[in-house]
Amino acid sequence: STFIGNPFIHIKTINNFSVNIAGEDINTVKVEVKTLDSEVSPLDQLFIKIDVEGFEFNVIQGAQVVLSSDNLIALIIELNGSGDKFGHTNEEIHQKLISYNLIPIVYNPFERTIVKLDGYNKKAGNTIYVKNIDKISKLCKAPPVRTVHTANQSPTQGDYSGYQVYRTNKLTLR
């Protein structure tokens, strides 16, 4: 891989975001590259989103410890063919991910259901991968209840002078 031993990449700064590892300096910013393994602890519960405009395979190469960890809950990765410009196909990236016992799924948020896929999600740009479908299915079916309160400053008992009165809204999230 061209990433190994190359501590910098160039990020295109005009018109659209793209990664350039050839060292071209026109309309780019030089950015230091660090691996996920050097920045993230595999002991933490992890949910990772990878969207790096074709550089996905290289990110995976630098995340071998993290991807091997049982603490990786889920990974969402963009697989839209942009890795081709770096010599890596969607299928190659998918095969690399399943080699870490990651399972591609699709999630229906309206029904709170998960379905295992036979390959990466070709109908969408993103594919979700998980280590433990049963655990994730249970979490999706019975998420913890969170109550969110929104209110502005409230007056002291009976004294409304100098206050605008706001209705308190309560929203319960599952």
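Figured I'd write up the structure that's included with this text. (Residues numbered from 1 in each chain as written. Predicted model: local features only at pLDDT ≥ 70, side-chain atom pairs only at ≥ 80, totals over all residues. Heavy atoms only, no water.)

### Quick look at the layout of surface pockets
Looking at the second largest pocket, its volume works out to about 180 Å³. Looking at the lining of the second largest pocket, its residues break down into 12 nonpolar, no polar and no charged. (1 Å grid on protein atoms, 1.4 Å probe; cavity = no way out; pocket = protein on both sides within 12 Å on 5 of 7 lines; lining within 4 Å. Points joined across faces, edges and corners; volume = space filled by probe spheres on them. Nonpolar A, V, L, I, M, F, W, Y, C, P; charged D, E, K, R; others polar.)

### What about helix α4 (residues 90-98)?
Given 3.6 residues per helical turn, the α-helix brings residues three or four places apart onto the same face. Turning to α4, its buried residues number three or more, namely N90, I93, H94 and L97. End-on, the buried residues of α4 take up no more than an arc of 100°, which puts them together on one face. Summarising the contacts, the buried residues of α4 are in contact with α2 (56-61), α3 (64-68), β5 (72-78), β6 (103-108) and β8 (126-130). (Buried < 20%, exposed > 50% of the residue type's maximum accessible area, 1.4 Å probe, protein only. Helix = DSSP H or I, 4+ residues; strand = E, 2+ residues; numbered from the N terminus. Arc of directions from axis to C-beta. Contact = heavy atoms within 4.5 Å.)

### A closer look at the side chain of S82
Inspection of the secondary structure assignment puts S82 in the loop between β5 and α4. Only 3.1 Å separates the side chain of S82 from the backbone nitrogen of G54, close enough to count as a polar contact. One polar contact links S82 to N80, side chain to side chain, over a distance of 2.8 Å. (Polar contact = N/O pair within 3.5 Å; in protein donor to acceptor, adjacent residues only side chain to side chain.)

### Comments concerning the pattern of salt bridges
For the structure shown, the criterion picks out two salt bridges. Here D51 ties to K49 by a salt bridge, and the two come within 3.9 Å at their closest N and O atoms. Given a relative accessible area of 43%, K49 falls into the partly exposed group. (Salt bridge = Lys/Arg side-chain N within 4 Å of Asp/Glu carboxyl O.)

### Looking at helix α5 (residues 133-141)
Those residues of α5 not exposed but buried are I133, I136 and C140. Buried residues of α5, seen end-on, are gathered within an arc of 70° and therefore sit on one face of the element. Of the exposed residues in α5, those oriented more than 90 degrees away from the buried face are D134, K138 and K141. If you follow the buried residues of α5, they end up packed against β5, β6, β7 (113-116) and β8.

### What to know about the pairing of β6
Within a regular strand, the side chains alternate between the two sheet faces. For β6 and β8, the ladder comprises three bridges, and the chain directions are antiparallel. Considered in β8, the bridge of I105 is made with I128. Pairing of β6 with β7, which is carried by four bridges, proceeds in the antiparallel orientation. Each residue of the ladder has a partner; that of I105, found in β7, is K116. In this antiparallel pair of consecutive strands, β6 and β7, the connection spans four residues, and R112 shows a positive phi of 55°. (Pairing = 2+ DSSP bridges.)

Geometric descriptors of this kind do not, in isolation, establish any biological role.
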